[in-house]
Amino acid sequence: MSASENTQVIKMAKPKRWYRSFELVVGALLTFVMLALVLLSPWLYPDGGSHIDLMHRLQTPFSSMQHLLGTDPLGRDILARVIVGGQVSLLIGFTSVVGSLVLGAIIGLIAGFYRGFWDMFLMRFADVQLALPFILLAITFTAIVGSSIGFLILFMIMAQWVQYARVIRGSVLSLREREFVQAARASAIPTHLIIFRHILPNCFGPVLILTMLNIGNNILLASSLSFLGLGVDPSVASWGGMLADGRTYMQTAWWVCVFPGLAIMLTVLGMNLLGDWLRDRLDPSSH
């Protein structure tokens, strides 16, 4: 191989700098802006966007500095409600993913490491969980328990732990036969230390990617359930609830539902772009 070809190969193999990654820059920017606005919302809008002003109902966007994105049918500021509603959506998205991750990690570690009865029992239980219709269960439990943020988070945890359990189980099945795990066993290291020191840290790659992608997915799912009246209480500002309130005004006051929809789209897009970037960075086959 000539010197020029070697130089070309080196240039092609040179890793792309972080600031040249479209997924990282755009995803991080969208996520940071949305998180900053949501965290600052108690100081920006102490009333929680619930102030009613019927004298200025259905005001068009950018018609005044007081209501940049217009007002809804009750005269409430759309911008304030979009930012305050992000608190609920992000809380549900992050909390449900963390809960699903913890529960799925415990089950996946037990099933993958101990095998035998525990593997068969837990994976068959996961198969049953996957066979249950999510929306039908949501309708049934909402009719019994009622709408609440806590119930929605718990329900999403119970519905999504299977993904993490299967991913971690698959990683554990390959890791438990590796030389460093066998050496730890031969050294009479306790089983729980082998699991948490040697196996669990090596499962972080695929789990981190799945977590980032599921945060956006859970935000979208929570908004969809709230839109159907199965999620957050209608009295609480949420993106899905704002979409449901504005669907009857799409022809006369499009901004009532367009801006909450844009907030959902941009937030989920930012999370998905970060997940794609992590997948490209952590997956050796993509390089």
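All of these numbers come straight from a predicted model, not from anything done at the bench.

A. Fine view of the packing of aromatic side chains. All chains considered together, the criterion is met by seven aromatic pairs. For the pair Phe113 and Tyr114, a centre-to-centre distance of 5.4 Å together with 80° between the ring planes defines the contact as edge-to-face. Taken together, a centroid distance of 5.8 Å and an interplanar angle of 20° make the contact between Phe125 and Trp161 stacked. In this pair, Phe125 is assigned in helix α4 (residues 116–131) and Trp161 in helix α6 (residues 149–175), connecting sequence segments 36 residues apart. The exposure class assigned to Trp161 is buried, which follows from its relative accessible area of 1%. Three or more aromatic residues link up through ring pairs in this structure, and these residues are Phe117, Trp118 and Phe121. If you follow Arg176 out to its NZ or CZ, it ends over the ring of Phe113, 5.9 Å from the centre.

B. Seen up close, the nonpolar core. By size, the foremost hydrophobic cluster in this structure holds 40 residues, and its most contacted members are Ile78, Val82, Leu109, Ile168, Val172, Ile199 and Trp239. Of all the elements in the fold, those that place two or more residues in this core are α2 (22–44), α3 (78–114), α6, α7 (179–186), α8 (191–199), α9 (204–227), α10 (239–246) and α11 (255–282). Broken down by element, the residue count for this core peaks at nine residues, all from α11. Excluding residues within four positions of it along the chain, Ile78 makes contact with Leu69, Gly70, Thr71, Asp72, Met242, Trp255, Val256 and Phe259. Formed by 14 residues, the second largest nonpolar core is a distinct cluster that contains Val88, Ile157, Leu221 and Ala222.

C. Molecular detail of a nonpolar patch on the surface. A cluster of nonpolar side chains, contributed by Leu29, Phe32, Val33, Leu37, Leu40, Trp43 and Leu44, occupies part of the molecular surface with about 750 Å² of accessible area. By the secondary structure assignment, Leu37 is in helix α2.

D. Inspection of α8 at higher detail. Those residues of α8 that fall on the buried side of the exposure criterion are Ile194, Ile195 and Ile199. The buried residues of α8 occupy an angular sector of 95° when projected down its axis, which confines them to one face. Residues of α8 that are exposed and angled more than 90 degrees away from the buried face: Phe196 and Arg197.

E. Broad picture of the confidence of the model for the protein. Confidence in the prediction of the protein, expressed as mean pLDDT, is 81, and 91% of residues score 70 or more. α3 holds the highest mean pLDDT among the elements of the protein, 90, whereas helix α1 (residues 3–13) holds the lowest, 45. In this model, residues 1–14 is a region of pLDDT below 50 whose contacts with residues beyond four sequence positions or in other chains number two contacts.

F. Geometry of the packing of α9 against α10. Running from N to C, α9 and α10 point in directions that differ by 40°, and their axes come no closer than 7 Å. Relative to α10, the element α9 is oriented oblique. Considering only the axes of α9 and α10, their crossing is right-handed. Note on element contacts: α10 touches α9 through Trp239, Gly240, Gly241, Leu243 and Ala244, opposite Ile219, Ser223, Ser226 and Phe227.

Thresholds, definitions, all that
Residues numbered from 1 in each chain as written. Predicted model: local features only at pLDDT ≥ 70, side-chain atom pairs only at ≥ 80, totals over all residues. Heavy atoms only, no water. Phe/Tyr/Trp six-rings, centres within 6.5 Å; stacked < 30°, edge-to-face > 60°. Helix = DSSP H or I, 4+ residues; strand = E, 2+ residues; numbered from the N terminus. Buried < 20%, exposed > 50% of the residue type's maximum accessible area, 1.4 Å probe, protein only. Lys NZ or Arg CZ within 6 Å of the ring centre and 35° of its normal. Core = buried A, V, L, I, M, F, W, Y, C linked by side-chain atoms within 4.5 Å. Contact = heavy atoms within 4.5 Å. Patch = residues over 30% accessible without salt bridge, like charges linked within 9 Å, V, L, I, M, F, W, Y side chains within 5 Å. Areas by Shrake-Rupley, 256 points an atom, 1.4 Å probe, with all protein chains shown as cover. Salt bridge = Lys/Arg side-chain N within 4 Å of Asp/Glu carboxyl O. Arc of directions from axis to C-beta. pLDDT = per-residue confidence, 0-100. Axes fitted to C-alpha atoms, helices over the stretch in contact; angles between N-to-C directions. Parallel < 35°, antiparallel > 145°, perpendicular 65-115°, else oblique. Left-handed = near helix turned anticlockwise from the far one by under 90°.

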